[in-house]
Amino acid sequence: MAKSPASFSCSQCGAVHPKWAGRCDACGGWNTLAEDAPLATGPGSRTLGGARGRRIALSSLATEEAPPPRAGSGMEEFDRVLGGGLVPASAILLAGDPGIGKSTLLLQVAASFARRGLGCLYISGEEAPAQVRMRASRLGLSDAPLRLGAETSLRDILTTLDAERPDLAVIDSIQTLWADMVDAAPGSVSQVRSACHELVSFAKKRGTSVILVGHVTKEGQIAGPRVVEHMVDTVLYFEGERGHQFRILRAVKNRFGPADEIGVFEMTGAGLAEVPNPSALFLSERGQSAPGSAVFAGIEGSRPVLTEIQALVAPSTLATPRRTVVGLDPGRVSTILAVLESRCAIPFTGLDVFLNVAGGMRVIEPAADLALAAALLSAREDVALPADMVIFGEISLSGALRPVGQAENRLKEAQKLGFSQAVAPERTKAEPGEGMRLRKLPDLVTFVGEMFGAG
Ligand code: TYD
Ligand code: MG
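Just so it is clear, the model here is predicted, and its values are computed rather than measured.

Student: Tell me about the packing of helix H8 (residues 330–344) against helix H11 (residues 444–452), residues and numbers included.
Tutor: Across the interface, H8 lies against H11 with an axial gap of 10 Å and an inter-helix angle of 85°. With respect to each other, H8 and H11 are oriented roughly perpendicular. Contacts between H8 and H11 pair Val339, Leu340, Arg343 and Cys344 from the former with Leu444, Val445 and Val448 from the latter. Residue composition of the contact of H8 with H11, grouped by class: 6 nonpolar, no polar and 1 charged.

Student: Give me the lowdown on the sheet that holds strand S7 (residues 168–172), citing residues and values where you can.
Tutor: One open sheet accounts for 9 strands, arranged S6-S5-S7-S8-S4-S9-S10-S11-S12; its pairing is mixed. Strands with a single pairing partner mark the edges of an open sheet, and in this sheet they are strand S6 (147–150) and strand S12 (271–274). Strand-to-strand twist in this sheet, taken as the mean axis angle between neighbours without regard to direction, amounts to 25°. Note: strand S4 (residues 91–96) against strand S9 (residues 234–239), 5 bridges, orientation parallel. For Leu93, the partnering residue across the bridge sits in S9 and is Val235. Contacts from helix H3 (residues 129–138) reach strand S5 (120–124) and S6 within the one sheet, and its direction differs from that of S6 by about 145°. Lying over the sheet, helix H5 (residues 189–206) contacts S4, S7 and strand S8 (209–215), oriented at roughly 160° with respect to S8.

Student: So what's going on with the site of ligand 1? Residues and values would help.
Tutor: Neighbouring ligand 1 are 16 residues; Gly99, Lys102, Ser103, Thr104 and Gly271 lie closest to it. Backbone polar atom of Gly101 to an oxygen atom of ligand 1: 3.0 Å apart, as the coordinates give it. Contact distances for ligand 1 include 2.7 Å between an oxygen atom and a backbone N or O atom of Lys102. Protein contacts shield 71% of the accessible area of ligand 1, which totals 560 Å² for the unbound molecule.

Student: With reference to specific residues and values, describe the side chain of His17.
Tutor: With respect to the helices and strands, the residue His17 is situated in strand S2 (residues 16–17). Under the relative-accessibility criterion, His17 is labelled buried at 12%. Setting aside residues no more than four positions away along its own chain, His17 makes contact with Ser7, Phe8, Cys24, Asp25, Ala26 and Leu33.

Student: Lay out H8 with the relevant residues and their values.
Tutor: Three or four residues apart is the spacing at which side chains of an α-helix point the same way, because the helix has 3.6 residues per turn. With 15 residues, H8 should cover 21 Å at 1.5 Å per step; its first-to-last C-alpha distance of 20 Å lies within 8% of that length. Among the residues making up H8, those that are buried are Val333, Ile336, Leu337, Val339, Leu340 and Cys344. Down the axis of H8, the buried side of the element spans an arc of 160°, and every buried residue falls inside it. Of the surrounding secondary structure, the elements contacted by the buried residues of H8 are strand S15 (323–326), strand S16 (351–357), helix H9 (369–381), strand S18 (394–395) and H11.

Student: Kindly report on the environment of Ser194, identifying the contributing residues and their values.
Tutor: Here Ser194 lies in helix H5. Linking Ser194 and Leu154, residues 40 residues apart in sequence, is a C-alpha distance of 9.4 Å. Reaching out from Ser194, the side chain makes a polar contact with the backbone oxygen of Ser190 at a distance of 2.7 Å.

Student: Could you give an account of the sheet that holds S15, naming the residues involved and the relevant values?
Tutor: Where strands meet in a sheet, backbone hydrogen bonds hold them as pairs that are either parallel or antiparallel. Here 7 strands make up an open sheet; going across it, the order is S15-S16-S14-S13-S17-S20-S21 and the pairing mixed. In the strand order of this sheet, the two ends are held by S15 and strand S21 (437–441), each with one partner. Strand after strand, the sheet turns through a mean of 25° between neighbouring axes, direction not considered. Across the sheet, H9 touches strand S13 (293–300), strand S14 (303–315), S16, strand S17 (389–391) and strand S20 (421–425), and the angle it forms with S14 is around 30°.

Student: So what's going on with the pairing of S16? Which residues, and what values?
Tutor: Two faces, one strand: in a regular strand the side chains alternate between the faces of the sheet. Burial within S16 is extensive, with 5 of its 7 residues counted as buried. Sheet topology note: the S14/S16 ladder contains 7 bridges and is antiparallel. Pairing of Leu312 across the sheet is with Phe354, part of S16. You can see the chain leave S15, run along H8 and come back into S16, and the turn it takes is left-handed.

Student: Tell me what's going on with the pairing of S13, and back it up with residues and numbers.
Tutor: Across the 8 residues of S13, 8 count as buried, placing the element largely inside the fold. Here S13 shows no split at all, with Ser293, Val295, Ala297 and Ile299 on one side and Ala294, Phe296, Gly298 and Glu300 on the other all buried. Inspection of the sheet shows S13 paired to S14 by 8 bridges, in the antiparallel sense. Bridging from a neighbouring strand, Val295 pairs with Glu308 of S14. Between the end of S13 and the start of S14, which pair antiparallel, lie 2 residues, with Gly301 showing a positive phi angle near 65°. With 2 bridges joining them, S13 and S17 adopt parallel strand pairing. Paired with Val295 across the two strands is Val390, which belongs to S17.

Student: Describe in detail helix H2 (residues 102–115), supporting the description with residues and values.
Tutor: For H2, built from 14 residues, the straight-helix expectation of 20 Å at 1.5 Å per residue is met to within 8% by its first-to-last C-alpha distance of 20 Å. H2 sits mainly inside the fold: 13 of its 14 residues count as buried.

Student: Break down unusual backbone geometry for me, with residues and values.
Tutor: Here the amide bond leading from Asp172 into Ser173 is cis, since omega sits at 5°, within 30 degrees of zero. Among the structural elements, Ser173 can be located in the loop between S7 and H5. For Arg165, which is not glycine, the phi dihedral falls at a positive 45°. With respect to the helices and strands, Arg165 occurs in the loop between helix H4 (154–164) and S7. Residue Arg165 is classed as partly exposed on the basis of its relative accessible area of 44%. You will see that Asp260, though not glycine, has its phi angle at about 70°, which is positive. Here Asp260 is to be found in the loop between strand S10 (246–254) and strand S11 (262–268). Taking relative accessible area as the criterion, Asp260 reaches 39% and is therefore assigned partly exposed.

Procedures and definitions
- Residues numbered from 1 in each chain as written.
- Chains lettered and ligands numbered in written order.
- Predicted model: local features only at pLDDT ≥ 70, side-chain atom pairs only at ≥ 80, totals over all residues.
- Heavy atoms only, no water.
- Axes fitted to C-alpha atoms, helices over the stretch in contact; angles between N-to-C directions.
- Helix = DSSP H or I, 4+ residues; strand = E, 2+ residues; numbered from the N terminus.
- Parallel < 35°, antiparallel > 145°, perpendicular 65-115°, else oblique.
- Contact = heavy atoms within 4.5 Å.
- Nonpolar A, V, L, I, M, F, W, Y, C, P; charged D, E, K, R; others polar.
- Pairing = 2+ DSSP bridges.
- Near = heavy atom within 4 Å.
- Polar contact = N/O pair within 3.5 Å; in protein donor to acceptor, adjacent residues only side chain to side chain.
- Areas by Shrake-Rupley, 256 points an atom, 1.4 Å probe, with all protein chains shown as cover.
- Buried < 20%, exposed > 50% of the residue type's maximum accessible area, 1.4 Å probe, protein only.
- Expected span 1.5 Å × (residues − 1).
- Arc of directions from axis to C-beta.
- Right-handed = clockwise from strand over helix to strand, strands pointing away.

Have a look at this one:
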């Protein structure tokens, strides 16, 4: 039989190339192409032809079957991110920077599930059982009926899973696994792809839920082929700033629940502690109102979260002034600087701009635009905003303010935390509760006039 033509995949973006090259055309990465080992080759040259297949049983959308029961781990923050608990036979990928606490989180989660009567296996390809046991005893989990294994051979892991049939298997990590039928190093595109494929198929066939740990690249993407993210049901990112104790678990894809849901944890000496009220935590370090600080009333998934946006504006000595942004989208920041300059005639030329979200939180909502502009203006004018004020709203390129969703929830959360003023776009359809003053403004120019005088 003719050998199937070789193909090469980029280990960064997963693009497939017919020939090897030093540089990937798709993402521009250097030395990232590796030859794909052929997987099982189906019938080569034959087409489906006229031979008939089996008729598929078709069904209607309305089924009498009850939705699958979800298992709760007892860790509320984790269960909510999954969409209300673990769905049987689901495949979950947890990605995050090294040392962020993935192994710690999953050990705690698996132990919680095991204590609630689920059969759980924790298979580590990175640490020896003694290391995992040591961590478990530090976390006070030694009594949980969780079974440990240290293995990297995919074949042995699948055999074990098949014999044990656990309800949940944690595999730490997908990049350490190697399948003997694939002729490539562990962590390479073809190894990661086949390990993920085998484990996900096992989960679907046998009803075991699997949680796979995935490493991320320097750019923050899951290392290995992009298809891994398509194969699994749920993709979770565990993120946090180095030096901060807060960790945020974010669902970026979820077939069984809302995406963009977050769970907030705090890394303590005894493992990860849940943070049921993140707003209070993110604002706890806030002192008296100072120039450059604005409180944004945001929504993360189904939950309102207040965060403090901090800005510093200083004369620059550089030909191209600095734009240092942590926790916000730099593209969005440039857009707002441009809108301030061209619609409100407030230039930032010759000024260094530093922006930060307090507590290591990452804000991706466009609703943060107005709070971001407020922080920038407050820093530039050296005028503090009222300490009891929250801000939300999207800024369009014309400088108009656009209303955002869930205004009611934002206002309620702000009031709960003791704020008594809010600024929002004009067409916001929400009324504040008793004792809260809401100012609805049509555009950025009016906002500048109201907050900082004529500018
Ligand atoms: P780990 O779960 O090993 O990270 P990952 O699997 O994502 O690489 O977490 C390692 C870090 O967590 C390590 O730097 C120490 C810290 N840590 C604590 O602060 N407290 C604890 O109780 C534990 C277990 C870890
Ligand atoms: Mg680890």
